[in-house]
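Per-entry structural report
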2 protein chains.
Amino acid sequence: MNARRPYRREAEEARRAALIEATLDCIAEGGPQAATVRAIALKAGVTPGLIRHYFATKEELVAAAHETLMTRLTEASAARLDELPADPVARLAGFIGNAVTPPVVDARALSLWAASLQLVPRDAAMRAVHEATYLAFRNRLEGMIADALRAAGKPATPARTRRMAIAGNALMDGLWIEASLLPELFESGEMRSIAIHAFARLLDLNLPE
Amino acid sequence: MNARRPYRREAEEARRAALIEATLDCIAEGGPQAATVRAIALKAGVTPGLIRHYFATKEELVAAAHETLMTRLTEASAARLDELPADPVARLAGFIGNAVTPPVVDARALSLWAASLQLVPRDAAMRAVHEATYLAFRNRLEGMIADALRAAGKPATPARTRRMAIAGNALMDGLWIEASLLPELFESGEMRSIAIHAFARLLDLNLPE
DNA sequence: GCTTAAATTATACGCTTGCATAATTGCCAG
DNA sequence: CTGGCAATTATGCAAGCGTATAATTTAAGC
């Protein structure tokens, strides 16, 4: 059989996105070493040579995938801001609770995040992405903390809110990790409760659960 | 040249340990995909075939390396317990501070930890190791929290200390991650201060910094 | 010193990898 | 409808991969 497989052309953005998605799938399923050119191409429904048309090297594709993932994780918590109450205190509580429960809590996302994170100490670009996404999240949290404090008539100096944001962000990350990896160790709703209660202590605020 | 390279025999434990160490070095330097049989052997100062003498497959060696790493990380915080004050409150403060400062805070250790962590969602053995080490650390922390609360004359019911340990552990993990990855974002001693202060709030204890 | 078990080196194998290149085909503009 | 650009498939290459196996050397016991 000499017949070529029929194909349809796609826009560049669609192709790049599909390749990036396929890469993330491969990594999630088999770790970084599973993201071979052939595996990615197969997952994306194209042939291996196509990757080199859209990305100079496989390494560039993998880097783009990691960057997409980190950005997406940061946005996951922001995606539902519209659904939160307008009241700053309740808004903050909702934000915190969402960050430690599904769908943000997710084993696959955690695995991908860890795969990206191991690159940070040795890849300058990945490190820059991590720093940017960390600061973006933390700053958003700090803003919400400041709003909640002010709404409760408590002091919200930048030095104070910064420290609260650093600690709060760390707490949320740590809870997110364990909730994603070992969900059966915790009762339903327990993580949300622990997170919100801990924040209430840190901020000396009465946060609704 | 037909000359074989001269060699010395070593005890099995020493060989296995050297191979495991070499594996961790490879992963730390180049990620999971860099831990090839040849790279590991070279790093360990042996030839590739030796790996198969001590481990059935390369995969088994990599798994042993990850397990060693996770166990070692848990023990890193315990290693200096002897140096801490006997007073339960000061002891807890010291434990917390140490967990978020060097040498526990370390980019290489973080990178290796992340590499191990990405395996947890899909490798039953790795997951079991993670669960065991997580619970070991958390339980130790819980014990120290309980001791400190009692020393301060405060209630230390198991339900309460468990929640505190979950939150406290998460906080420490989160701070450890960012202190390891982005140290230049924080002032010297700042993480220790933030961690201890946050714990003081969580536990409603006066912890010495 | 000699023998022997086994640790270790050296080499080979089939398969896989990222990348290169040529040919074909889809689709748009004229 | 036709021609041409370029997206896409197909194929190939050199290097590297994990594993297998044979040969050599070390070192312990007698």
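Residues numbered from 1 in each chain as written. Chains lettered and ligands numbered in written order. Predicted model: local features only at pLDDT ≥ 70, side-chain atom pairs only at ≥ 80, totals over all residues. Heavy atoms only, no water.

1. Concerning empty space enclosed by the protein
Residue and element names in this part refer to chain B. Condition: Using only the protein atoms, space was sampled on a 1 Å grid; points where a 1.4 Å probe fits but cannot get out form cavities, open sets with protein on both sides within 12 Å along at least five of seven lines form pockets, and lining residues are those with an atom within 4 Å of a point. Grid points are joined across faces, edges and corners, and a volume is the space filled by probe spheres set on the points. Per the convention used, a helix needs a DSSP run of H or I reaching at least four residues, while a strand needs a run of E reaching at least two, with both numbered from the N terminus. The residue classification treats Ala, Val, Leu, Ile, Met, Phe, Trp, Tyr, Cys and Pro as nonpolar and Asp, Glu, Lys and Arg as charged. All others, Gly included, are polar.
A complete count under the given rule lists one cavity of 30 Å³ or more for this structure. Taken as a whole, the largest cavity encloses approximately 350 Å³ of empty space. In terms of lining residues, the largest cavity is bounded by 17 residues, among which L73, W113, F137, D173 and W176 are the most central. Those elements that provide at least two residues to the lining of the largest cavity are helix 4 (58-78), helix 7 (124-151) and helix 8 (158-181). A per-element tally of the lining of the largest cavity places helix 4 first, with five residues. In terms of residue class, the lining of the largest cavity is made up of 10 nonpolar, five polar and two charged.

2. Considering the protein's contact with DNA strand D
Inclusion rule: Throughout, the term near means that a residue has one or more heavy atoms lying within 4 Å of the molecule or strand in question. Between N or O atoms, a polar contact is any pair within 3.5 Å; within protein, one atom must be a potential hydrogen donor and the other a potential acceptor, and residues adjacent in sequence are included only when both atoms are from side chains.
In the vicinity of DNA strand D there are 25 residues, among which R4 and Y54 of chain A together with R4, R9 and R52 of chain B approach most closely. One of the side-chain nitrogen or oxygen atoms of H53 of chain A is found 2.5 Å away from a phosphate oxygen of DNA strand D. Y7 of chain B places a side-chain nitrogen or oxygen 2.9 Å from a base oxygen of DNA strand D. Looking at side-chain class alone, the surface near DNA strand D contains seven nonpolar, five polar and 13 charged residues.

3. Section: the relation of the copies chain B and chain A
Cut-off, in case you're wondering: A least-squares fit on C-alpha atoms brings the copies together, and the residues used are those whose pLDDT is at least 70 in both copies.
Rotating chain B by 180 degrees and moving it 0.0 Å along the rotation axis overlays it on chain A with an RMSD of 0.0 Å. Seen this way, the second copy is the image of the first under a two-fold rotation axis. The rotation axis passes nearest to the C-alpha of L171 of chain B in chain B, at a distance of 2.0 Å.

4. Considerations on the interface of chain B and chain A
Defined as follows: Two residues qualify as a contact provided that any one of their heavy atoms is within 4.5 Å of a heavy atom in the partner residue. What counts as a salt bridge is simple: a side-chain nitrogen of Lys or Arg found within 4 Å of a carboxyl oxygen of Asp or Glu.
Contact residues are listed per partner, giving 49 residues for chain B and 50 residues for chain A. At the surface where chain B touches chain A, the tally comes to six salt bridges. Residues D204 of chain A and R201 of chain B are paired through a salt bridge, measuring 3.9 Å at the closest nitrogen-oxygen approach. The tally of links between chain B and chain A comes to 18 residue pairs in polar contact (both at pLDDT 80 or more).

5. Describing the layout of surface pockets
Residue and element names in this part refer to chain A. In this model, the largest pocket occupies a volume close to 500 Å³. What lines the largest pocket is a set of 25 residues, and nearest its centre among them are L73, T74, W113, D173 and W176. In terms of residue class, the lining of the largest pocket is made up of 15 nonpolar, five polar and five charged.

6. A look at the protein's contact with DNA strand C
Around DNA strand C sit 25 residues in total, of which R4 and R52 of chain A together with R4, H53 and Y54 of chain B are the nearest. By atom count, sugar and phosphate contribute 64% of the portion of DNA strand C lying within 4 Å of the protein. Within the side chain of K58 of chain A, an N or O atom sits 2.5 Å from a phosphate oxygen of DNA strand C. At 2.8 Å from a phosphate oxygen of DNA strand C is found a side-chain nitrogen or oxygen belonging to R15 of chain B. Looking at the surface near DNA strand C, the elements that each hand over two or more residues are helix 2 (37-44) of chain A together with helix 3 (49-54) of chain B. In terms of residue count, the dominant contributor to the surface near DNA strand C is helix 3 of chain B (four residues). Broken down by class, the residue content of the surface near DNA strand C amounts to eight nonpolar, five polar and 12 charged.

7. Things to note about the nonpolar core
Our working definition: Buried residues of nine kinds, namely Ala, Val, Leu, Ile, Met, Phe, Trp, Tyr and Cys, make up a nonpolar core once their side-chain atoms join them within 4.5 Å. For each residue, the accessible area found with a 1.4 Å probe, counting protein chains only, is set against the maximum for its type, and the residue is called buried under 20%, exposed over 50%, and partly exposed in between.
Counting residues in each nonpolar core, the largest one holds 152 residues, and the members touching the most others are W113, L117 and L207 of chain A together with W113, L117 and L207 of chain B. Other than its neighbours up to four places away in sequence, W113 of chain B contacts W113, L117 and I177 of chain A together with L69, M70, L73, W176 and I177 of chain B.

8. Comments concerning the domain arrangement of chain A
All names here are of chain A. For the record, the criterion: Where each domain begins and ends is defined by an automated method or by a domain database.
Under the domain assignment, chain A is made up of domain 1 (9-55) and domain 2 (67-203). The centre of domain 1, based on its C-alpha atoms, is set 30 Å off from the matching centre of domain 2. Domain 1 puts seven residues into the contact, and the matching count from domain 2 is eight residues. Across the contact surface, domain 1 and domain 2 share two salt bridges. Its salt-bridge partner being R108, residue D25 comes within 2.5 Å of it at the nearest N-O pair. Considering only residue class, the side of domain 1 that touches domain 2 consists of five nonpolar, no polar and two charged.

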